[in-house]
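# Coordinates in review
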Amino acid sequence: SGHGLKLILDVMLNEVASDGSFAACNYSWFRFAPSGEDRLPDPRQFGIPRDAAIARFDDASVAEELADSWIQHLTGWAHLGVAGFRCVEAQRIPAAVWRRIIVEVRRRAPDCRFLAAVPADSAIETLGFDHILWPLPGAGQDPVALVEDYERLRQAAPPIAVPEVPFGPRLA
């Protein structure tokens, strides 16, 4: 663009729409909420959202196939002009999968950027991300804890402070 702006897409590799074509074409790669539209979710238990299909990264062969597919998709988008990806809930993907995806996409699209969007308390390793998007906690945060979080995250990638948690409560 004439103003130097570049497009960065949000991606969430661990979750896709349960009624979408990607989940339908690759059904064995995902876990789905139990059927039964009339049942209300039990708020005391974590479950799979009704509208989401959760990727089975815990199965090594499925994780390999998912990685291959995501490498193809991300590389294709990079070749169409996408400058990078904000990887939402990056902490939910196994480290070895992230390393492989980032290395392979960069081999094919060297200028592609990867930004990890994770909760501040996430344990994230050095995986090849260019930056970690670090949601600053609310007012009243202990300054010592803030510095400790920054130092911990800095070991994995340079943090960029953001005012809100992705998909969390809005400030305004």
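The model shown is predicted, which means the values in this text are computed figures rather than measured ones.

### Points about the pairing of strand β6 (residues 113-117)
Where burial is concerned, most of β6 is hidden: four out of the five residues are buried. Across five bridges, the pairing between strand β5 (residues 84-88) and β6 is parallel. Bridge pairing in β6 links V88 to A117. Tracing the backbone out of β5, into helix α3 (residues 95-108) and back to the parallel element β6 gives a crossover that is right-handed.

### Focus: the sheet that holds strand β2 (residues 15-17)
A sheet is described by the order of its strands in space; here three strands give the open sequence β2-β4-β3, paired in antiparallel fashion. Of all the strands in the sheet, the pair left with one neighbour each is β2 and β3 (30-32). Averaged over all pairs of adjacent strands, the angle between their axes in this sheet comes to 35°, without regard to strand direction. By the bridge criterion, three bridges tie β2 to strand β4 (residues 52-55) in an arrangement that is antiparallel. Across the sheet, residue A17 finds its bridge partner in β4, namely A52.

### What to know about the confidence of the model for the protein
Here the protein averages 83 in pLDDT, while 80% of its residues score no lower than 70. Per-element confidence in the protein is highest for helix α2 (residues 60-79), whose mean pLDDT is 97, and lowest for helix α4 (residues 143-154), whose mean pLDDT is 80.

### A closer look at α2
Note on helix geometry: an α-helix contains 3.6 residues per turn, so any two residues three or four positions apart are oriented the same way. Over its 20 residues, α2 runs 28 Å from end to end, which matches the ideal 28 Å to within 8%, given 1.5 Å per residue. Of the positions making up α2, those classed as buried are V62, A63, L66, A67, S69, W70, I71, L74, T75 and A78. Where α2 ends, the next residue or the one after it, G81, has phi of about 115°, a positive value.

### Here we look at the packing of aromatic side chains
Here the distance between the centres and the angle between the planes together describe a pair of aromatic rings. According to the stated counting rule, one finds seven aromatic pairs in the structure shown. With a centroid separation of 4.5 Å and an interplanar angle of 10°, the aromatic rings of Y27 and F32 are classed as stacked. Its relative accessible area of 21% is what places F32 among the partly exposed residues. Where W98 meets F129, the ring centres are 5.0 Å apart and the plane angle is 65°; that geometry is what we call edge-to-face. With W98 in helix α3 and F129 in the loop between β6 and β7 (131-135), the pair connects residues that are 31 residues apart, well separated along the chain.

Reading the values: rules and limits
- Residues numbered from 1 in each chain as written.
- Predicted model: local features only at pLDDT ≥ 70, side-chain atom pairs only at ≥ 80, totals over all residues.
- Heavy atoms only, no water.
- Buried < 20%, exposed > 50% of the residue type's maximum accessible area, 1.4 Å probe, protein only.
- Helix = DSSP H or I, 4+ residues; strand = E, 2+ residues; numbered from the N terminus.
- Pairing = 2+ DSSP bridges.
- Right-handed = clockwise from strand over helix to strand, strands pointing away.
- Axes fitted to C-alpha atoms, helices over the stretch in contact; angles between N-to-C directions.
- pLDDT = per-residue confidence, 0-100.
- Expected span 1.5 Å × (residues − 1).
- Phe/Tyr/Trp six-rings, centres within 6.5 Å; stacked < 30°, edge-to-face > 60°.

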